[in-house]
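Residue-level listing of the chains:
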Amino acid sequence: MSGISSCPAPAHPHEAPIRVVLAKLGLDGHDRGLKVVARTLRDAGIEVIYLGLRQTTDSIVAACEQEDADVIGLSMHNAGHLTLAPRMVKAARDAALDVPVVIGGIVPAEDVATLISAGVAAVLGPGASAAQVVSTVKAAALQAAGR
Amino acid sequence: MSPTPLDELFEAAAAGNRRAMGKLLTMVEQPGGAASEVSERAHRQAGHARVIGITGAPGAGKSTITGRLAAASGAERPAVLAIDPSSPLTGGAVLGDRVRMDNHIGSSSFIRSMATRGHAGGLAVAVPDAVRVLDAVGCDPVLVETAGVGQVEVSIAAAADTTMVVVTPGWGDAVQANKAGLLEVADVFAVNKADRPDARGARRDLELMLDLGPEGDWRPPVVLTIATENEGIEALWVEIERHTAHLRESGALGRRRGLRLRNEVVDRIELGLRGRVLQIIDSEAGSKALGRVERREVSPGSAAEALLASSNPQHPEES
Ligand code: B12
Ligand SMILES: Nc1nc2c(ncn2[C@@H]2O[C@H](COP(=O)(O)OP(=O)(O)OP(=O)(O)O)[C@@H](O)[C@H]2O)c(=O)[nH]1
Ligand SMILES: [Mg+2]
């Protein structure tokens, strides 16, 4: 299958749009930010598969496989990021999915480096601009496609 | 000869590997590349799955019903293709059908969300090929949920064996019921959100419309459902199966599928001809004719006719 997964990344709009799975893990009910991000990405020409609240790492992996997603986007507001985000990265790796995990929500600055070293592709916080959200997701997709 | 990557993908997909299925669907969604090779191969193995179309107005409950139906079918490998609209401005999309299905559909199901990517009619260009791939790798039934549609988007009827139209109480009255369009292509009706007032009224309006319709050998049944409560879903599935049986026994299944393939070839020819059309209009004769149209010496229609006649290889220009 290696020949397929190393297909070149979409570089201009006539090629396939980037596909992003957006979800929240567990019981964290703050979905306002996730909805804002969904709309922002849509307006940037990205296809968002919106999973919303109460997902598990398994349900996200299953969706990624079926949807052939390029990026996993998680929104976290319940202080669980240090356990949940690495768990997501591991679940994707265990499923042999080379899909970058991008995180937004409430992540204290001092935790960012820990998350990055745990394999998270990028972390954004409150006040992130639309342009930042889009460029972060696109960069993650491009980087993964280049691997 | 060692197996090609595509051989391996098909083999894995046939064995139920979700990731391989996902990759194949991405390939048919992307014109050029391997799309035609995937389609070619899938076509030779396809033709077994029942294809059920689910359509109706935005928010009628199509996704909720579709997820429930996949579970109610009791099938080993049901698949869902769920279509939502792409933004005409940016090409982006929020695909939100899956979130309505995931919780109750069961882990044996396969769900793929697809954006319309500029296609009208509530479907995406790649839908026939995507159905073909799912069929070829052993999924059955294949449930196709259209984007929310109005009265005139009926292309699902040409893409499915059985077309189900979902309406809700208060969707209209007897006048709407008799307008041409969506309701005419239904093989089965679901009146969903039957927990709301006047579901029976909605059913009555549909039955009245059917009473006035042409006497056929199949009268579309009308089933009340509350999809969120899983009520009426078994009955709905029974009616869909009854329709499938009817299609088989009457020989209509073969005719429908034949027509479907014919339509697809026609679509492909049209797509191919578009390039030729641009050649004609960009040619010297084309720009001359366009000039005459702009000076109001000839109508667009006659100019097109003349250009077509003179460019037709069977009737070469006389001069
Ligand atoms: C609104 C809100 C609520 C609403 C949520 C409504 C909803 N449906 O979303 C309600 C009232 C329900 C609520 C409840 C609670 N809340 Co509250 N809530 C907030 C508040 C004020 C704003 C969050 C928000 O919507 N921001 C607006 C959005 C647009 O911003 P955002 O989510 O940050 O998203 C941006 C970026 O982070 C980024 N982003 C976010 N996600 C993603 C994903 C990707 C992929 C990308 C690329 C980018 C990205 O992009 C967005 C745009 O810039 C915050 C405080 C704050 N300043 O953030 C507290 C806050 C998040 N809540 C908090 C708490 C504690 C709670 C409760 C536990 C309170 C309680 N004791 O009952 C409950 C828990 C409810 C639950 N089940 O989870 C704490 C969390 C503390 C922590 N993590 O350490 C906060 C930080 C308040 C505080 N300072 O204490 N809350
Ligand atoms: N009261 C009630 N609500 C329902 C029923 N079925 C679905 N809904 C709700 O109706 C809303 C829309 O349901 P969906 O299944 O997403 O409808 P849809 O037709 O797929 O919507 P689009 O794909 O956006 O066109 C959701 O909030 C559902 O929970 C029902 O039988 N009764
Ligand atoms: Mg839907």
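Conventions used here
Residues numbered from 1 in each chain as written. Chains lettered and ligands numbered in written order. Predicted model: local features only at pLDDT ≥ 70, side-chain atom pairs only at ≥ 80, totals over all residues. Heavy atoms only, no water. Helix = DSSP H or I, 4+ residues; strand = E, 2+ residues; numbered from the N terminus. Rg over C-alpha atoms; globule rule 2.2 N^0.38 Å. Buried < 20%, exposed > 50% of the residue type's maximum accessible area, 1.4 Å probe, protein only. Contact = heavy atoms within 4.5 Å. Near = heavy atom within 4 Å. Polar contact = N/O pair within 3.5 Å; in protein donor to acceptor, adjacent residues only side chain to side chain. Nonpolar A, V, L, I, M, F, W, Y, C, P; charged D, E, K, R; others polar. Pairing = 2+ DSSP bridges. Axes fitted to C-alpha atoms, helices over the stretch in contact; angles between N-to-C directions. Donors = N, O, S within 2.8 Å, 3.2 Å for Na, K, Ca; no water. Areas by Shrake-Rupley, 256 points an atom, 1.4 Å probe, with all protein chains shown as cover. Buried area = accessible area lost by both parts, 1.4 Å probe. Salt bridge = Lys/Arg side-chain N within 4 Å of Asp/Glu carboxyl O. Domains from an automatic or database assignment. Parallel < 35°, antiparallel > 145°, perpendicular 65-115°, else oblique. Left-handed = near helix turned anticlockwise from the far one by under 90°. Disulfide = S-S within 2.5 Å. Right-handed = clockwise from strand over helix to strand, strands pointing away.

*Asks:* Got a sec to walk through the overall build of chain A? Specific residues and values, please.
*Replies:* If you tally the helices and strands in chain A, you get six helices and five strands. Scanning chain A from its N terminus toward the C terminus, one meets helices and strands in the order α-β-α-β-α-β-α-β-α-β-α. Taking 147 residues into account, the globule formula puts the C-alpha radius of gyration at 15 Å, and chain A, at 14 Å, falls close to it. Along the first, second and third principal axes, the C-alpha set of chain A runs to 40 × 30 × 25 Å. Expressed as a percentage of the 147 residues in chain A, the buried residues total 49%. Expressed as a percentage of contacts within chain A between residues at least 6 apart in sequence, the contacts between residues at least 24 apart total 70%.

*Asks:* So, the site of ligand 1: which residues are in play, and what are the values?
*Replies:* Residues and elements named next belong to chain A. Surveying the vicinity of ligand 1 reveals 25 residues, the closest of which are Gly-29, His-30, Ser-75, His-77 and Ala-128. In this structure, an oxygen atom belonging to ligand 1 sits 2.9 Å away from a main-chain N or O atom of Gly-105. Among the secondary structure elements, those contributing two or more residues to the shell around ligand 1 are helix H2 (32-42), strand E3 (71-76) and strand E4 (101-105). With four residues, H2 is the single largest residue contributor to the shell around ligand 1. Partitioned by chemical class, the residues of the shell around ligand 1 number eleven nonpolar, eleven polar and three charged.

*Asks:* Quick rundown of the sheet that holds strand E3 (residues 93-95) of chain B? Include the residues and the values.
*Replies:* Strand order in this open sheet of six strands is E5(A)-E4(A)-E3(A)-E1(A)-E2(A)-E3(B), and the pairing throughout is parallel. Of all the strands in the sheet, the pair left with one neighbour each is strand E5 (122-123) of chain A together with E3 of chain B. Running over the sheet, helix H4 (residues 81-94) of chain A touches strand E1 (19-25), E3 and E4 of chain A and is turned about 165 degrees from E3(A).

*Asks:* I'd like a rundown of the coordination of the magnesium ion (ligand 3), residues and numbers included.
*Replies:* Reference values for coordination geometry: four tetrahedral donors around a metal ideally subtend 109.5 degrees, six octahedral donors ideally subtend 90 or 180 degrees. All names here are of chain B. Within the protein, the atoms that donate to the magnesium ion (ligand 3) are Ser-63 (OG), Asp-97 (OD) and Glu-145 (OE), at distances of 2.0 to 2.2 Å. Mapped onto the sequence, the residues coordinating the magnesium ion (ligand 3) show the spacing S-x33-D-x47-E. Here Ser-63 is found in helix H4 (residues 62-72), whereas its partner Glu-145 is found in strand E5 (residues 142-145), with 82 residues between them in sequence.

*Asks:* I'd like a rundown of the site of ligand 2, residues and numbers included.
*Replies:* All names here are of chain B. Close to ligand 2 lie 19 residues; Lys-62, Ser-63, Thr-64, Arg-100 and Asp-195 are nearest. Interatomic distance of 3.0 Å between a side-chain N/O atom of Asp-97 and an oxygen atom of ligand 2. Taking Thr-228, its side chain carries an N or O atom lying 3.5 Å from a nitrogen atom of ligand 2. In isolation ligand 2 offers 650 Å² of accessible surface; the protein chains occlude 77% of this area.

*Asks:* Kindly report on the interface of chain B and chain A, identifying the contributing residues and their values.
*Replies:* Interface extent is often summarised as the accessible area lost during association of the parts. Of the residues lining the interface, 30 residues belong to chain B; the matching set on chain A comes to 26 residues. A combined buried area of about 2,500 Å² lies between chain B and chain A, and 53% of that area is made up of carbon and sulfur atoms. The interface formed by chain B and chain A includes four salt bridges. A salt bridge links Glu47(A) to Arg117(B); the nearest nitrogen and oxygen atoms lie 2.7 Å apart. Elements supplying a minimum of two residues to the side of chain B that touches chain A: helix H1 (5-14), helix H2 (18-29), E3, helix H5 (98-101) and strand E4 (110-115) of chain B. In terms of residue count, the dominant contributor to the side of chain B that touches chain A is H2(B) (seven residues). Taken together, the residues of the side of chain B that touches chain A sort by class into eleven nonpolar, ten polar and nine charged. In this structure, strand E2 (residues 47-55) of chain A lies alongside E3(B), joined through three bridges in parallel fashion. Residue Glu47(A) lies in a different strand from E3(B), and its bridge partner there is Ala93(B).

*Asks:* Go over the pattern of salt bridges, please, and point to the residues and values.
*Replies:* For the structure on display, the rule yields 29 salt bridges over all chains. The shortest N-O distance in the salt bridge between Arg19(A) and Glu47(A) comes to 2.8 Å. Pair noted here: Arg19(A) is in strand E1 and Glu47(A) is in strand E2, with a separation of 28 residues, a long-range link. Under the relative-accessibility criterion, Arg19(A) is labelled buried at 3%. When its relative accessible area of 0% is taken as the criterion, Glu47(A) is described as buried. The salt bridge partner of Arg50(B) is Glu241(B), with a shortest N-O separation of 3.6 Å.

*Asks:* Tell me about the domain arrangement of chain B, and name the residues and values.
*Replies:* Parsing chain B into structural domains produces domain 1 (45-249) and domain 2 (266-311). Of note, the centres of domain 1 of chain B and domain 2 of chain B, computed from C-alpha atoms alone, are 39 Å apart.

*Asks:* Tell me about the coordination of the cobalt atom of ligand 1, and name the residues and values.
*Replies:* There is one protein donor for the cobalt atom of ligand 1, and it is His30(A) (NE2), at 2.1 Å. Topologically, His30(A) is positioned in the loop between E1 and H2.

*Asks:* Before we move on, could you go through the packing of helix H3 (residues 35-45) of chain B against helix H6 (residues 127-136) of chain B and cite the residues and values that matter?
*Replies:* All names here are of chain B. Running from N to C, H3 and H6 cross one another at 50 degrees; their axes reach a closest spacing of 8 Å. Of the possible angle classes, the one that applies to H3 and H6 is oblique. Relative to H6, the crossing made by H3 is left-handed. Where H3 abuts H6, its residues Val-38, Ser-39, Ala-42, His-43 and Gln-45 lie against Asp-129, Arg-132, Val-133 and Ala-136. Residue composition of the contact of H3 with H6, by class: four nonpolar, three polar and two charged.

*Asks:* So what about the state of the cysteines? Which residues, and what values?
*Replies:* Joining two cysteines, a disulfide is a covalent bond between their sulfur atoms. Taken as a whole and assessed by the stated rule, the structure comprises zero disulfides over all chains. Cysteine Cys139(B) shares no disulfide, and the gap to the nearest cysteine sulfur, in Cys64(A), comes to 19 Å. Note on Cys139(B): relative accessible area 2%, which makes it buried.

*Asks:* Tell me about the pairing of E2(A), and please be specific about residues and values.
*Replies:* Residues and elements named next belong to chain A. Summarising burial for E2: seven of the nine residues are buried, a large majority. Of the strand pairs in this sheet, E1 and E2 are connected by six bridges, and their pairing is parallel. Bridging from a neighbouring strand, Val-20 pairs with Val-48 of E2. Following the backbone out of E1, through H2 and into the adjacent parallel E2, one traces a crossover that is right-handed.

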